[in-house]
Amino acid sequence: MAEQTTQPPNELDRAAEEAGFYHEAALNAAWTGSRFAIGALAFLYGAFAFAYFYLRSINSEGRWKGSGYHAPQMGYGVTILVLVLVSAVVQYAGLQRIKAGAKGAWQAAALVALLLGTAAVVVQILQLLSLPFQPGSSGFSSVFTDTYPVLLVSWLAAMLWLEILVMRARPLTAISFLEQPPTYAEAFAVQRFQSSLSAFTLVWNFMAVVTLFFFLLFYVL
Amino acid sequence: MSIDIEPEKAQEPAGSGPIGPRLARPWWMRPAMHTGIIGAILGYFIGHWLGNFLSWEYARNALSDMNDFPLVLGYVIAVVGWLAGLGVFNDLGRQILGKPVPAAEEEEEAFGGVARYFRFSLDHKVVGIQYLVGMIIYFCTAGLFAMAIRTELLSPSYHIMSSSAYLMVVGEHGTMMMMLMSSVVLGPFGNYLMPLMIGSKRMAFPRLEALSFWLTPAAFIILLSSVLIGGFPTGWTGYAPLSVQAMEGMDAYAVAFGLMGISICLAGFNIIVTVINYRAPGMRWSRLPMFVWSMVTVSFLMVLATPVLIGGMYLLILDRTVQTANFVNTLGGSSYLYENLFWFFGHPEVYILALPGFGIVSEIIPVFCRKPLFGYRVAGAGMIGVALLSFFVWQHHLFVSGINPEMRPLFMLTTELISIPTGFIYLVAMGTFWKAKLRLTVPMLFALALYFNFLIGGISGVFLSDVPADTTEHGSFFVMAHFHYTIMGGLIFAFFGACYYWLPKMMGIKLNQKLGYLHFWTMFIFFNSTFLPLFAVGMAGQPRRVFEYATNLTPLNDWVSISSFLLGASILIFVINFIWSTVIVREREVANPWNSRGLEWQVAAPPPPGNFEHIPVVLSGPYDYGVKDAPAVADLHPPVGVVSASYASAGTASTGVEA
Amino acid sequence: MAESQAPAAPAGSDGRAEPNHGLRIFLIWIVLALVADLLIWFVWYPHLPPGRMSESAEHQQLDIAVLALAAAPVMLFVWTYFGYTLVNWRHRDGDDDDGPPIFGHTGLQATWIGGTAVIVLAAFVFGTVELIVPAGAGAGEGPLPVWKPSGHNLLQVQVIGQQWQFTYRYPQFGGMESTTLVLPDNRPVEFHVTSLDVIHSFWAYLLAVKADANPNVDNVAYTTPKHTGGFTVRCSELCGIWHGAMFDSGRVTTPTAFQAWARATELREHQLGVLAALPPYALTYDPTVVPQLGQEVVKVAGITGANGYYYPPSDPEQP
């Protein structure tokens, strides 16, 4: 971009203006995109919830749970639920701290949330490897076997996102979360990070609700 | 050439950016299609081995001594390898490692020439052309399968194919067509033109957009690979338990359709977020071109409906691999579950196929009538109405299935209600034609043909929505004729109209008009000659997907078969025209040959990199033909300060930190 | 075909006063629509599918005819309009002005919306009546039919689909089985359609009955044959490689002939031991459980599916 120096100052203003325009659009896109992502996820998990209720209500051949029915291990279920919920809550609390300007507090919270979420993925894999029923032994066992791998992948993807956010936060100076940074570049970087973090928080909280919802379906109902 | 001073980049240490070293590499070291293919092959073998390793104790198919697990895992990891080879995960990896990621525009500047069409390009114009060529190839492939079907149906009892080969051909044709039709307009024209139409230089999620394209070759090759392992016997609907019972070819169907679901979900996601957030200043919702409205409504359906398809295909794969019993009635599952899931996606899908066609013709007719679009709001409301209602009609595919019989009047009502917003599209066209100055150019003829064909398709749809009439028509060739009239007669005619209308803009070259007229007339005549008799064939009692039929239907079937071959020849005229005009002759086209007011026509042909020199400020609607002293559609060189004023006022609501 | 107008048909309305285009279009349309509807009702209707062999067929034929009566004017209106515009409002060389800037017309739009809504609602009401009055119009109504025919002398016939044939079972005649469907004239029939493997669809075209055959589902459909004669039964849901060959023929006979046939068949099957070998009559069947043949049956490849690959011995609860 050697041309830059030869541009008249007017063109530099225009470039800054357009950069600002698309910066603003990108912030909004993160906001809109996270909402649509939740919509798509809701329909995806809606399909599984539909399968659950449909098979349950039909109870084909009396085998919604079947004669030799074994419940999935409650211990695993509760552990996973707690891990995911606590991860979401800790991360949400961290978000409130970084909004107040405390970058370090969020970083700590995010690391904890990352650890807990990853632990949930690991525990879920352990449970799927030691299910007390055959996948096809009943309608219930089928839907259970369907749903948790998808949840697991969603958790893993969310944790990947959180890890990226943690890495993105590192070069940002802590002071720039408290007051307007000196340059546009830094201000934009901080705002982009914040919008991405907000989008992540929304999606991760939504995933926590989905986890709770399926916990109620599979372990409580 | 727009100067891009993305301030974030200033932080990167000079010289160590990811672009530098990659440019230095020879072409065969850079990620592109060939590395993708290597990745796919490696991935398949890894997946196959892993699948065998994990599932060695599972039951095996008696005939092939294999179970489905290694095959599915092979497909999935092949796709991962394909994407990795294309370099899709490079930026993701950089982000995970905390390294700086180059902006989309910067990556694009590093590559030029024809080679960029073979790599994971983040330029929406490159993706549009990739989609265009890809979709034409898929369409021709699936069309050849259609001709194979008609060849078999030349005789009611003499067979040139085995029954399983016939079903394989039917399934490949149907599934491939359905897969490509979802993206046939949104992929090429949506991705290419939508940013131009809304006055944007960028897409919201260029990586997702590019990924959505590069999933399609994987999906199509996987679907085609089914031919090598015996095909699948279920047609495009894949009804369980037949699809649970079927041989390995079925896995290809489920993986391919699921992948395509991911692809169209991502494509729609990118489009809708872009339209919402990246419109140029002054591009109000009431000034949005109708084509963009159709893309918005289609994207809405894609984002919300395709996850259900992905879920359905996933359940099917699990039934076939880890032997869950989702669709097996005797083990607590239900075949109705599959039908419900499939059609809950399947009916919005039908409107995913219809709405882009409406958008294209609404874009074409004002230009060649030289009149404003009549009832702009009605047209928009029609599309939104169709999109919303389409979620509430899916059980009309299941009127005779025995599912929820008492609900049938309700679904009959919702289905028939859809014809009201669909009728808006006709009202808009008829109002626009009133006292117009019609120019019967090739795109206009294709648009007119859509109104002709879709009328037949739509009205026959009312017959199908009516339960008593549907009892005879369901599952017969009547249905087949109906949806070919709406999809081919509607969407594909609109697609070709869009090709003749917008390719001069997209490629900057003229398409041969004589061949265009020849293409249109042959296609119009032979299309109707192919599918109109099929209504009669269906009414006379010929079910779909049969290879043996009543002898007295032979003349009609032969007529249809011969027409369909001629229809295929007509498509060949287009392919010849396309190659002839764009590769061999390459006659330059002016920027705005149709004298259109559309924003996309106000830039050079083909549009420069970055679309616009400056962010334009939209001043008036796109259809103000004949309006005295109508302002120009946009100020392409607005003074500095106008653009920043547009977002400074609205900026507070959008910092995005309020979750 | 509106589009096929030769391009050289100039509208000579230059010097004269502007004609009333709306009236002209209306007059052309009303004539065409009247002719079309008269033709549909008096010429086409008696020949429309699915004929008049049964009560549900009569109703479906009426239904299709009425929909055609409503559809023809709508389609003709659109075609007339487009044909008229193509003839009269073509661009002429040298005229580079744009057309009149008409952006909309509230009254017209409201009329259109109201008009289509009325047509659609009328079609809905008519369709619902035609669904309920002839007891479900011959379509499959699931295990708990909502609309049933009146009267007590229902003939029950079970239709069992399997790859790739239909079997018909008559529970009122000792549960005897037949491979051809024989029905009496003028007696309401209650079809119980089920399947042993995949989804089939029982389609007796001339009787205007169509009901999907799902495994483990009892799908009920009604009709009353009105004329004697033969008819064809086809499978209308893709069910595997020989779907295209899955058809057979049936006949409607007089009640006495039917009684004679049914009794004779029942007696023969009784004597041959067929009735004893058949599983007891039930609304659905599980083909993996055939007590007379023992457990081995699930291991015989092919009994439940085309390739023997349908939950082979690995039914998790019945290993």
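Right above here is the structure, for reference.
Nothing here was measured: the structure is a model prediction, and the numbers come from that model. (Residues numbered from 1 in each chain as written. Chains lettered and ligands numbered in written order. Predicted model: local features only at pLDDT ≥ 70, side-chain atom pairs only at ≥ 80, totals over all residues. Heavy atoms only, no water.)

Chemist: Quick question: what am I supposed to make of the environment of I160 of chain B here?
Modeler: Residues and elements named next belong to chain B. Tracing the backbone through its elements, the reader meets I160 in the loop between α6 (124–152) and α7 (163–183). Among the residues examined, I160 registers a relative accessible area of 51% and is labelled exposed. Here I160 is in contact with T151 and E152, once residues within four sequence places are set aside. (Helix = DSSP H or I, 4+ residues; strand = E, 2+ residues; numbered from the N terminus. Buried < 20%, exposed > 50% of the residue type's maximum accessible area, 1.4 Å probe, protein only. Contact = heavy atoms within 4.5 Å.)

Chemist: Before we go on, may I ask you to explain the interface of chain C and chain B in this structure?
Modeler: Many descriptions give the size of an interface as the accessible area lost when the pieces come together. On the side of chain B, 108 residues touch chain C, which itself brings 104 residues to the contact. Both faces considered, chain C and chain B share a buried interface measuring about 8900 Å² in area, 68% of it formed by carbon and sulfur atoms. Run the count over chain C and chain B and you get 6 salt bridges. The salt bridge partner of D95 of chain C is K437 of chain B, with a shortest N-O separation of 2.8 Å. At the boundary of chain C with chain B, the tally comes to 26 residue pairs in polar contact (both at pLDDT 80 or more). Mapped by element, the contributors of at least two residues to the side of chain C that touches chain B are α1 (21–44), α2 (55–88), α3 (106–132), β7 (209–213) and β9 (229–235) of chain C. Counting residues per element, the side of chain C that touches chain B draws most heavily on α2 of chain C, which supplies 15 residues. Class assignment of the residues belonging to the side of chain C that touches chain B gives a composition of 58 nonpolar, 29 polar and 17 charged. (Buried area = accessible area lost by both parts, 1.4 Å probe. Salt bridge = Lys/Arg side-chain N within 4 Å of Asp/Glu carboxyl O. Polar contact = N/O pair within 3.5 Å; in protein donor to acceptor, adjacent residues only side chain to side chain. Nonpolar A, V, L, I, M, F, W, Y, C, P; charged D, E, K, R; others polar.)

Chemist: So what exactly am I meant to see when it comes to the environment of S55 of chain B here?
Modeler: Residue and element names in this part refer to chain B. By the element assignment, S55 lies in the loop between α2 (33–54) and α3 (68–86). On the basis of relative accessibility, which here comes to 0%, the residue S55 falls in the buried class. The spatial distance from the C-alpha of S55 to the C-alpha of D68 is 9.3 Å, given a sequence separation of 13 residues. For S55, the contacting residues outside a window of four places in its chain are N67, F69 and P70.

Chemist: Quick question: what am I supposed to make of the pairing of strand β6 (residues 200–204) of chain C here?
Modeler: Residues in a regular strand point their side chains to alternate faces of the sheet. All names here are of chain C. Most of β6 is tucked away, with 5 of its 5 residues classed as buried. Side chains of β6 alternate between two faces, with H200, F202 and A204 and S201 and W203 buried alike. In this structure, β6 lies alongside β7, joined through 5 bridges in antiparallel fashion. Bridged to H200 within β7 is A213. Where β6 folds back onto β7 in an antiparallel hairpin, the turn is made up of 4 residues, including A208, whose phi is positive at roughly 60°. As paired strands, β6 and β9 are joined by 3 bridges and run antiparallel to one another. Within β9, the position partnered with F202 by the bridge is C235. (Pairing = 2+ DSSP bridges.)

Chemist: Would you take a moment to explain unusual backbone geometry for this structure?
Modeler: Trans is the prevailing form of peptide bonds, just as negative phi is the prevailing case for residues other than glycine. Residue A240 of chain B is joined to P241 of chain B through a cis peptide bond whose omega torsion reads 5°. With respect to the helices, strands and loops of the structure, P241 of chain B is situated in the loop between α9 (206–225) and α10 (242–245). In this model, P49 of chain C is joined to P50 of chain C through a cis peptide bond whose omega is 0°. If you check the backbone angles, R370 of chain B has positive phi at about 55° while not being a glycine. Tracing the sequence through the fold places R370 of chain B in the loop between α13 (335–369) and α14 (376–389). Residue R370 of chain B is classed as buried on the basis of its relative accessible area of 5%.

Chemist: Looking at this model, I keep getting lost on the packing of aromatic side chains. Mind explaining?
Modeler: Aromatic rings in a pair are described by how distant their centres are and how their planes are angled relative to each other. Counted by the stated rule, this structure contains 105 aromatic pairs over all chains. Both rings, one in W203 of chain C and one in Y205 of chain C, keep their centres 5.7 Å apart while their planes meet at 85°; by these two values the pair is edge-to-face. Seen from the ring of F140 of chain A, K65 of chain A lies directly overhead, with NZ or CZ sitting 5.0 Å from the centre. In this structure, R279 of chain B is placed above the aromatic ring of W285 of chain B, and the distance from its NZ or CZ to the ring centre is 4.1 Å. (Phe/Tyr/Trp six-rings, centres within 6.5 Å; stacked < 30°, edge-to-face > 60°. Lys NZ or Arg CZ within 6 Å of the ring centre and 35° of its normal.)

Chemist: I'm lost on the nonpolar core in this one. Help?
Modeler: A general feature of soluble globular proteins is that nonpolar side chains tend to end up buried together. The biggest cluster of nonpolar side chains holds 364 residues, and the ones touching the most others in it are F189 and W502 of chain B together with Y170 and F202 of chain C. Mapped onto the domain boundaries, this core takes at least three residues apiece from domain 1 (2–11 + 19–90 + 107–134) and domain 2 (155–277) of chain C. Excluding residues that lie within four positions of it along the chain, Y170 of chain C makes contacts with L155, Q156, V157, G175, M176, S178, T180, L181, V182, F258 and W261 of chain C. (Core = buried A, V, L, I, M, F, W, Y, C linked by side-chain atoms within 4.5 Å. Domains from an automatic or database assignment.)

Chemist: Hey, could you run me through the sheet that holds strand β10 (residues 247–253) of chain C in this one?
Modeler: Picture the strands of a sheet paired through backbone hydrogen bonds; they go either parallel or antiparallel. Residues and elements named next belong to chain C. Spatially, the 5 strands line up as an open sheet ordered β4-β10-β9-β6-β7, and their pairing is mixed. Edge strands, defined here as strands with exactly one partner in the open sheet, are β4 (181–184) and β7. Between one strand axis and the next, the sheet turns through 20° on average, direction left out of account. Sheet topology note: the β4/β10 ladder contains 4 bridges and is parallel. What sits directly across from P184, in β10, is T253. Contacts between helix α4 (residues 255–272) and the sheet are confined to β4 and β10, with β4 contributing the most and set at about 135° to the helix. (Axes fitted to C-alpha atoms, helices over the stretch in contact; angles between N-to-C directions.)

Chemist: Even after reading the chapter, I still don't get the sheet that holds strand β2 (residues 165–170) of chain C, so can you show me in this structure?
Modeler: All names here are of chain C. Pairing is mixed across the open sheet formed by 5 strands, whose spatial order is β3-β2-β1-β5-β8. The open sheet has two free edges, formed respectively by β3 (176–178) and β8 (219–223), since each of these has just one partner strand. The average angle at which neighbouring strand axes cross in this sheet is 25°, direction not considered. Pairing analysis gives 5 bridges linking strand β5 (residues 189–195) to β8, with the strands arranged antiparallel. Note that in β8 the partner of V189 across the bridge is T223. Here α4 sits on the sheet in contact with β1 (155–162), β2 and β3, set at roughly 110° to β3.

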